[in-house]
Amino acid sequence: MIDTIDEHKLFSFYEETINSCCSSVLELSDEIIEYNIFEVFDIGVHSFLHENNLLRLLDKKLINSNVFELSLLIKKMYSEIENTDIWNLDGVKTSSKWFEIMKLCDKVKSLLKK
């Protein structure tokens, strides 16, 4: 079904996914942090950071090769911590692994603005 959406809508979902896991999310309430990370980001990282979708965005020049590679790294890093003892609100707030993912999302977000 994801193939039926156009690349601009796909990019919008991709951008929403990245924005939901930026370091600025830590400034929000616990409830909103959990929603952003464990709903929006969790769904989006598996769908919109999937290699096939990233290749579509790259092909249409909506992202560049640097953003493509960073996105794959974000997805890989997230997969490594998913369902571990840091896959919870406390982990998001204290774990260096989560901070690294957020830092990468911040970098992608800044690259998308260029």
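This structure is a prediction, so every number in the text was calculated from the model and none was measured.

Caption draft 1: Fine view of unusual backbone geometry. Of note, Lys 61 is a non-glycine position whose phi angle comes to about 60 degrees, a positive value. With respect to the helices and strands, Lys 61 occurs in the loop between α3 (51–59) and α4 (65–81). Lys 61 sits in the exposed class, given a relative accessible area of 72%. A positive phi is found at Asn 83, a non-glycine position, where the angle reads about 60 degrees. Looking at Asn 83, the relative accessible area reads 61%, which means it is exposed.

Caption draft 2: Quick peek at the nonpolar core. With 35 residues, the main nonpolar core has Tyr 14, Ile 63, Ile 74, Trp 98 and Ile 101 as its most contacted residues. For this core, the secondary-structure elements that each account for two or more residues are α1 (7–19), α2 (30–47), α3, α4, α5 (89–94) and α6 (96–112). Take this core: its biggest share by element is eight residues, from α6.

Caption draft 3: Looking closely at the packing of aromatic side chains. Taken as a whole and assessed by the stated rule, the structure comprises six aromatic pairs. Residues Phe 38 and Trp 87 carry aromatic rings whose centres are separated by 5.1 Å and whose planes lie at 75 degrees to one another, so their mutual orientation is edge-to-face. Remark: Trp 87 occurs in the loop between α4 and α5 and Phe 38 occurs in helix α2; sequence separation between them is 49 residues. On the basis of relative accessible area, Phe 38 is assigned to the buried category, the value being 16%. Taken together, the aromatic side chains of Phe 38, Phe 41, Tyr 78, Trp 87 and Trp 98 make up a single cluster linked through ring pairs.

Caption draft 4: Focus on the packing of α1 against α3. Where α1 contacts α3, the two axes come as close as 10 Å, and the packing angle between them is 120 degrees. Taken together, the axis directions place α1 and α3 in an arrangement best described as oblique. Considering the relative orientation of α1 and α3, their crossing is left-handed. Across the interface between the two elements, Glu 7, Leu 10, Phe 11 and Tyr 14 from α1 touch Asn 53, Leu 54, Arg 56 and Leu 57 from α3.

Caption draft 5: The arrangement of α3 in detail. All of the buried residues in α3 are Asn 53, Leu 54, Arg 56 and Leu 57. Viewed along the axis of α3, the buried residues span an arc of 155 degrees, placing them on a single side of the element. Away from the buried face of α3 by more than 90 degrees, exposed residues Asn 52 and Asp 59 are located. Looking at the packing, one finds that the buried side of α3 touches α1, α2 and α4. Trailing α3 by a residue or two, Lys 61 shows a phi angle of about 60 degrees, which is positive.

Caption draft 6: Quick peek at the environment of Val 67. When you line up the elements, Val 67 lands in helix α4. Separated by 42 residues in the primary sequence, Val 67 and Lys 109 have C-alpha atoms spaced 9.1 Å apart. The residues contacting Val 67, other than those within four sequence positions of it, are Tyr 14, Val 108, Leu 111 and Leu 112.

Reading the values: rules and limits
- Residues numbered from 1 in each chain as written.
- Predicted model: local features only at pLDDT ≥ 70, side-chain atom pairs only at ≥ 80, totals over all residues.
- Heavy atoms only, no water.
- Helix = DSSP H or I, 4+ residues; strand = E, 2+ residues; numbered from the N terminus.
- Buried < 20%, exposed > 50% of the residue type's maximum accessible area, 1.4 Å probe, protein only.
- Core = buried A, V, L, I, M, F, W, Y, C linked by side-chain atoms within 4.5 Å.
- Phe/Tyr/Trp six-rings, centres within 6.5 Å; stacked < 30°, edge-to-face > 60°.
- Axes fitted to C-alpha atoms, helices over the stretch in contact; angles between N-to-C directions.
- Parallel < 35°, antiparallel > 145°, perpendicular 65-115°, else oblique.
- Left-handed = near helix turned anticlockwise from the far one by under 90°.
- Contact = heavy atoms within 4.5 Å.
- Arc of directions from axis to C-beta.

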